[in-house]
Amino acid sequence: MNTLFNTTFENEEASHYEHEVQLRPQTYDLQESNVNLKLTIVHTVGFGDQINKEESYKPILEYIDAQFENYLEEELKIKRSLFNYHDTRIHICLYFIAPTGHSLKSIDLVTMKKLDSKVNIIPVIAKADTVSRSELDKLKIKVMSELVSNGVQIYQFPTEDEAVAEINSSMNTHLPFAVVGSIEDVKVGNKMVKARLYPWGSVQVENENHCDFVKLREMLLRVNMEDLREQTHARHYELYRRCKLEEMGFKDTGPDSQSFSLQETYEAKRKEFLVELQRKEEEMRQMFVNKVKETEAELKEKEKELHERFEQLKRMHQEEKKNLEEKRRELEEEMNAFNRRKVAAETLMGQALQGCSQQPFKKDKDKKKLTCQTVSQAGALLFTFDWSHRCSHHVQHR
């Protein structure tokens, strides 16, 4: 593009690791002598870099349709200003073909087939200096035969006008153009030319024996620029406009070939839209009701499960409470029995001590007998003292 317009355009380098194809438009105001040109260049960043290239053409197609849609909206306005409207419709697509020497890739055929009804396509073989002259001629023939066999309609330079019929007929036989670009000035002989310099020599951009760059520039900028714009408006845009209006319900004539009424069409389309809207509202309402019923059923099921769980826990709590009551009652009975035994033991012990203090001392045998008898009745652990021998004996009730 820099070589084509003899200008250095700003172009941010893009990596080849994009997740999807991105279109990057840039608009420039060019001036040469008294001619002003507003040029928009759209780069298809990341095209062909993905592993799955099945839908690589879709972002390009959507962008072209979006520009058609903007122009159609401007046309349908009550106050139109198409004279000074910035027309962003794509008038030409330079489709670059890799100079492999083989046939076209599948992505090339699919993309050009999808775009041929949307934009004027001119196939271009890039980096033509990497292929020999004989191989280049074979590649051109192969490319054109594959395009024809696959039904791809590329832009053909018009031959209706006698002034340009001869040159356009000649240029149609050179498609696809094999081009080389360079912005470097190289000295060849006694003059400076745009060329690519190699150790074995140079490839001159404007030398028609080296490449078809001059032919491409002549066809685009000098001979067929107006025809490209006319083809975009009369063919591609009109096709989009007709399909869009038919989709909206507009027709040229009525069912009885009567005159077409825009008001009637609008009213019919409005009624159709309202009926469709009401149908969708009813569907959404029914869907909401069904969803509410399903939710209520789920909540009832959950409530039933919670109630059953509550009853189960309640029964378990009552059983545990009953067991605790029984254990508490048994423990109280044991405590009462223990207290009774304790009182009886204390009573017997008091009586024994009282009897021992009133009676004279007996023999050791009698004291031991009395003490054993008292302890046997009390059922307690006691200590007795033998005052005659000054020793203690441990007596335990078995």
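Below: a short report on this structure. Every chain is numbered independently, its residues counted from 1 as its sequence is written. Where local features are concerned, this predicted model is filtered to residues with pLDDT of at least 70; where side-chain atom pairs are given and counted, the filter is 80 or more; whole-chain, interface and lining totals use all residues. To obtain the side-chain values, all non-hydrogen atoms of the structure were used and water was disregarded.

Observations regarding helix 4 (residues 133–149)
This is how the line gets drawn: Only DSSP runs of H or I covering at least 4 residues are called helices, and only runs of E covering at least 2 are called strands; the numbering of each starts at the N terminus. Expected helix span is given by 1.5 Å per residue-to-residue step, counting one fewer step than there are residues. Note on exposure labels: buried denotes an accessible area under 20% of the residue type's maximum, exposed denotes more than 50%, and partly exposed covers the range between, all computed with a 1.4 Å probe on protein chains only. An arc is given here, and it is the one of the directions from the helix axis to the C-beta atoms. By definition in these notes, contact holds between two residues if any of their heavy atoms fall within 4.5 Å.
Along its 17 residues, helix 4 runs 25 Å from first to last C-alpha, staying within 8% of the 24 Å computed at 1.5 Å per residue. All of the buried residues in helix 4 are L136, L139, K140, V143, M144, E146 and L147. Down the axis of helix 4, the smallest arc covering the buried residues is 160°, so these residues share one side. Structural note: helix 4 exposes K138, I141, V148 and S149 on the side pointing more than 90 degrees away from its buried face. Of the surrounding secondary structure, the elements contacted by the buried residues of helix 4 are strand 3 (93–97), helix 3 (106–115), strand 4 (121–125) and strand 5 (177–178).

Quick look at the packing of aromatic side chains
Note the threshold: Two rings belonging to Phe, Tyr or Trp (six-membered ring only in the last case) form a pair when the distance between their centres is within 6.5 Å. Interplanar angles under 30 degrees mark stacking, angles over 60 mark edge-to-face geometry, and anything in between is tilted. Distance and angle both matter: a charge sits over a ring if NZ of Lys or CZ of Arg is within 6 Å of the ring centre and within 35 degrees of the ring normal.
Following the criterion strictly, the structure yields 10 aromatic pairs and no others. With centroids separated by 5.5 Å and ring planes inclined at 40°, the aromatic side chains of F68 and Y240 adopt a geometry described as tilted. One end of the pair, F68, is in helix 2 (residues 58–75); the other, Y240, is in helix 7 (residues 225–248), and 172 residues separate them in sequence. In this structure F68 comes out as buried when scored by relative accessible area, which is 0%. Just above the ring of Y237 sits the side chain of R89; from NZ or CZ to the centre is 5.0 Å.

Section: helix 2
The end-to-end C-alpha distance of helix 2, which contains 18 residues, comes to 26 Å, matching closely the 26 Å that a straight helix rising 1.5 Å per residue would cover. Regarding helix 2, the residues found buried are I60, L61, Y63, I64, Q67, F68, Y71, L72, E74 and E75. Buried positions along helix 2 lie against strand 1 (22–32), strand 2 (35–45), helix 3 and helix 7.

Focus: the sheet that holds strand 5
Here is the rule we go by: Two strands qualify as a pair provided DSSP detects at least 2 bridges between them.
Reading across the sheet, the 3 strands line up as 3-4-5 and stay open at both edges, with parallel pairing between neighbours. Looking at strand neighbours, the two that pair on one side only are strand 3 and strand 5, the edges of this open sheet.

Brief notes about the sheet that holds strand 6 (residues 185–188)
The strands that make up a sheet pair up through hydrogen bonds in the backbone, lying either parallel or antiparallel. Stated formally: The angle between two axes is taken between their N-to-C directions and runs from 0 to 180 degrees, where each axis is a line fitted to C-alpha atoms and a helix contributes only its stretch in contact.
Pairing is antiparallel across the open sheet formed by 3 strands, whose spatial order is 6-7-8. In this open sheet, the two edge strands, each paired with only one partner strand, are strand 6 and strand 8 (201–204). For this sheet, the mean inter-axis angle between neighbouring strands, taken without regard to orientation, is 70°. Relative to strand 8, strand 7 (residues 191–198) runs antiparallel, the two sharing 4 bridges. Residue R196 lies in a different strand from strand 8, and its bridge partner there is V203.

A closer look at the nonpolar core
Counted only if it meets this: Among buried residues, the Ala, Val, Leu, Ile, Met, Phe, Trp, Tyr and Cys ones that are joined through side-chain atoms within 4.5 Å form a nonpolar core.
Counting 55 residues, the largest nonpolar core has I121, I122, L147, F157 and F177 as its most contacted members. For this core, the element with the highest residue contribution is helix 2, accounting for 7 residues. Other than its neighbours up to four places away in sequence, F177 contacts I122, P123, V124, I125, F157, M171, D212, K215, L216 and M219.

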